[in-house]
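Below, each chain spelled out in residue letters.
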Protein chains: 2
Amino acid sequence: MQFSKSTDYALHALIHLGHSERCNNVGIKELSGALGVSESYLSKIMSKLRQDGIVRAVPGVKGGYELARPADQITFLDVIQVIEGRQQLFECSNSSSRQHLLLAEEGAAQGDQERPGKNECLVEKVMNGAEQHLYQYLREHTVQSILNEAFKRCKHEANKK
Amino acid sequence: MQFSKSTDYALHALIHLGHSERCNNVGIKELSGALGVSESYLSKIMSKLRQDGIVRAVPGVKGGYELARPADQITFLDVIQVIEGRQQLFECSNSSSRQHLLLAEEGAAQGDQERPGKNECLVEKVMNGAEQHLYQYLREHTVQSILNEAFKRCKHEANKK
DNA sequence: CTTATTATGGATAACATAGGTCTACAATAA
DNA sequence: TTATTGTAGACCTATGTTATCCATAATAAG
């Protein structure tokens, strides 16, 4: 279980875009140079980000990419879900096994429809809880928060000199 | 990014073992039957769990598996790390890129050894924070806590009748 | 001691996904 | 119109997941 390299590239690319907000568009050449990835591969990732409305792209001379919304409204979770997809982190593979009859439906016999989550597998329930926990953390960190942190580091270093 | 089916099988198998604590050993046949997985595949998973000291195995007639320690000392994290491995969830793939020079080393110039984590990439820092957050949650849930929850469900249903 | 039973570990294979390249095409500013 | 830049698709390879099968080792019971 690991995040893909594409997620790494996407996050760093977005930070680069946020950092270069002054000049409108950043070309794939500049981006791939900064990250050390091939243009062809990175452009695929950028396309995904564009399709999901994270960045805007303009073709043509002087074209390139820019953030589609303020950097403080682009969360880590946004980016991760674009690249990794939105399937849940954990799924019980065989919900009709004897095990599940025991764990999930033991307490949910006849017509127990008033509580819908009741016959969910307990293992899955814990794992979904973990997922929500993780997502909450990832929602609290944005491209902007990275830029702020980098700026703080920079200033701190300047003071020492 | 998803947990593998093996993790699912491992968790359910351990819960089965915890539930059948009375009779000493549970054979692979009973386990695979309960989970709806082939014996050959499940035995691979059980071997891993044994190598990491989660379960004990005895071969021979009347052999089988049992938990190697109390169910409340087997956390979800333990199981996941055995099956999924212990690599970190996220690694920056190219820490020598221009991007990283900006993000990580901007504030960590000459001889800055007194703070070791200082020149870590900020993206990686957030992701490692997310990982620790997730791990903390997974440490708080054990095989025993699932058994307790199942027991509660069972009792609750009994009261209703 | 022999035998039936059970777990172990290696070899192998189908399949999906990640990671990456290349090329033809579309859009746009100069 | 043309040079430049992003888009989309085909394509390839390596790796990991999910599995199966078989020979071997260990063990309890007879």
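Reading the values: rules and limits
Residues numbered from 1 in each chain as written. Chains lettered and ligands numbered in written order. Predicted model: local features only at pLDDT ≥ 70, side-chain atom pairs only at ≥ 80, totals over all residues. Heavy atoms only, no water. Phe/Tyr/Trp six-rings, centres within 6.5 Å; stacked < 30°, edge-to-face > 60°. Helix = DSSP H or I, 4+ residues; strand = E, 2+ residues; numbered from the N terminus. Buried < 20%, exposed > 50% of the residue type's maximum accessible area, 1.4 Å probe, protein only. Pairing = 2+ DSSP bridges. Near = heavy atom within 4 Å. Polar contact = N/O pair within 3.5 Å; in protein donor to acceptor, adjacent residues only side chain to side chain. Nonpolar A, V, L, I, M, F, W, Y, C, P; charged D, E, K, R; others polar. Salt bridge = Lys/Arg side-chain N within 4 Å of Asp/Glu carboxyl O. Axes fitted to C-alpha atoms, helices over the stretch in contact; angles between N-to-C directions. Parallel < 35°, antiparallel > 145°, perpendicular 65-115°, else oblique. Left-handed = near helix turned anticlockwise from the far one by under 90°. Contact = heavy atoms within 4.5 Å. Disulfide = S-S within 2.5 Å.

On to the packing of aromatic side chains. Scanning all chains against the criterion turns up four aromatic pairs over all chains. Ring centres of F3 of chain A and F90 of chain B lie 6.5 Å apart, and the angle between their planes is 65 degrees; this geometry places the pair in the edge-to-face category. Of this pair, F3 of chain A sits in the segment before α1 (5-19) while F90 of chain B sits in the loop between α4 (76-84) and α5 (98-103), placing the two residues on different chains. The pair formed by F3 of chain A and F90 of chain B is uniform in burial state, with each residue classed as buried. Ring geometry for Y9 of chain A and Y41 of chain A: centres 6.0 Å apart, planes at 90 degrees, overall edge-to-face. Pair noted here: Y9 of chain A is in helix α1 and Y41 of chain A is in helix α3 (residues 39-51), with a separation of 32 residues, a long-range link. We classify Y9 of chain A as buried; its relative accessible area is 12%. Residue Y41 of chain A is classed as partly exposed on the basis of its relative accessible area of 37%.

Attention now goes to the pairing of strand β1 (residues 55-58) of chain B. Side-chain direction in a regular strand flips from residue to residue, so the side chains alternate between the two faces of the sheet. All names here are of chain B. For β1 and strand β2 (residues 64-67), the ladder comprises four bridges, and the chain directions are antiparallel. Paired with A57 across the bridge in β2 is Y65. From the end of β1 to the start of β2, which pair antiparallel, there are five residues, and G60 there has a positive phi angle of about 90 degrees.

The environment of DNA strand D is made up of 26 residues, and the closest members are I28, K44, R50 and Y65 of chain A together with S38 of chain B. Among the atoms of DNA strand D lying within 4 Å of the protein, the sugar-phosphate backbone contributes 68%. Between DNA strand D and K44 of chain A, the relevant distance is 2.9 Å, taken from a base nitrogen to a side-chain nitrogen or oxygen of the residue. In the model, a phosphate oxygen of DNA strand D is placed 3.3 Å from a nitrogen or oxygen of the S47 of chain A side chain. Going through the elements one at a time, α3, β1 (55-58) and β2 (64-67) of chain A together with α1 (5-19) and α3 (39-51) of chain B are the ones with two or more residues in the surface near DNA strand D. It is α3 of chain A that contributes the most residues to the surface near DNA strand D, four residues altogether. Here the surface near DNA strand D is built from residues that sort into ten nonpolar, eleven polar and five charged.

This part covers the pattern of salt bridges. If you walk through the whole model with that rule in mind, you get eight salt bridges over all chains. Its salt-bridge partner being R86 of chain A, residue D52 of chain A comes within 3.4 Å of it at the nearest N-O pair. Here D52 of chain A is found in the loop between α3 and β1, whereas its partner R86 of chain A is found in the loop between α4 (76-84) and α5 (98-103), with 34 residues between them in sequence. For R86 of chain A, a relative accessible area of 55% corresponds to the exposed category. The closest approach of N and O atoms between E149 of chain A and K125 of chain B, which form a salt bridge, is 3.4 Å.

With that settled, consider the packing of helix α6 (residues 122-139) of chain A against helix α6 (residues 122-139) of chain B. Where α6 of chain A contacts α6 of chain B, the two axes come as close as 9 Å, and the packing angle between them is 150 degrees. Here α6 of chain A lies roughly antiparallel to α6 of chain B, going by the angle between them. Considering only the axes of α6 of chain A and α6 of chain B, their crossing is right-handed. Between α6 of chain A and α6 of chain B, the residues in contact are V126, M127, G129, A130, H133, L134, Y137 and L138 of chain A and V126, M127, G129, A130, H133, L134, Y137 and L138 of chain B, respectively.

The next thing to look at is the state of the cysteines. Cysteine pairs can be linked by a disulfide, which is a covalent bond between their two sulfur atoms. Residues and elements named next belong to chain B. Counted according to the given criterion, the structure contains zero disulfides over all chains. Residue C92 stays outside any disulfide, its sulfur separated by 3.6 Å from that of C121, the closest cysteine. Exposure remark for C92: the relative accessible area of 12% places this residue in the buried category.

Let's shift gears to the environment of K5 of chain B. Residue and element names in this part refer to chain B. The residue K5 is located in helix α1 in this model. Judged by its relative accessible area of 53%, K5 is exposed. Here the alpha-carbon distance between K5 and I83, two residues 78 residues apart in the chain, equals 9.7 Å.

Taken together, 25 residues form the shell around DNA strand C, and within it S38 of chain A together with I28, K44, R50 and Y65 of chain B come nearest. A share of 63% of the atoms of DNA strand C within 4 Å of the protein falls on sugar and phosphate groups. In this structure, a phosphate oxygen belonging to DNA strand C sits 3.2 Å away from a main-chain N or O atom of K5 of chain A. Here K44 of chain A contributes a side-chain N or O atom positioned 2.9 Å from a base oxygen of DNA strand C. Broken down by element, the residue count for the surface near DNA strand C peaks at four residues, all from α3 of chain B. For the surface near DNA strand C, the residue count by class is ten nonpolar, ten polar and five charged.

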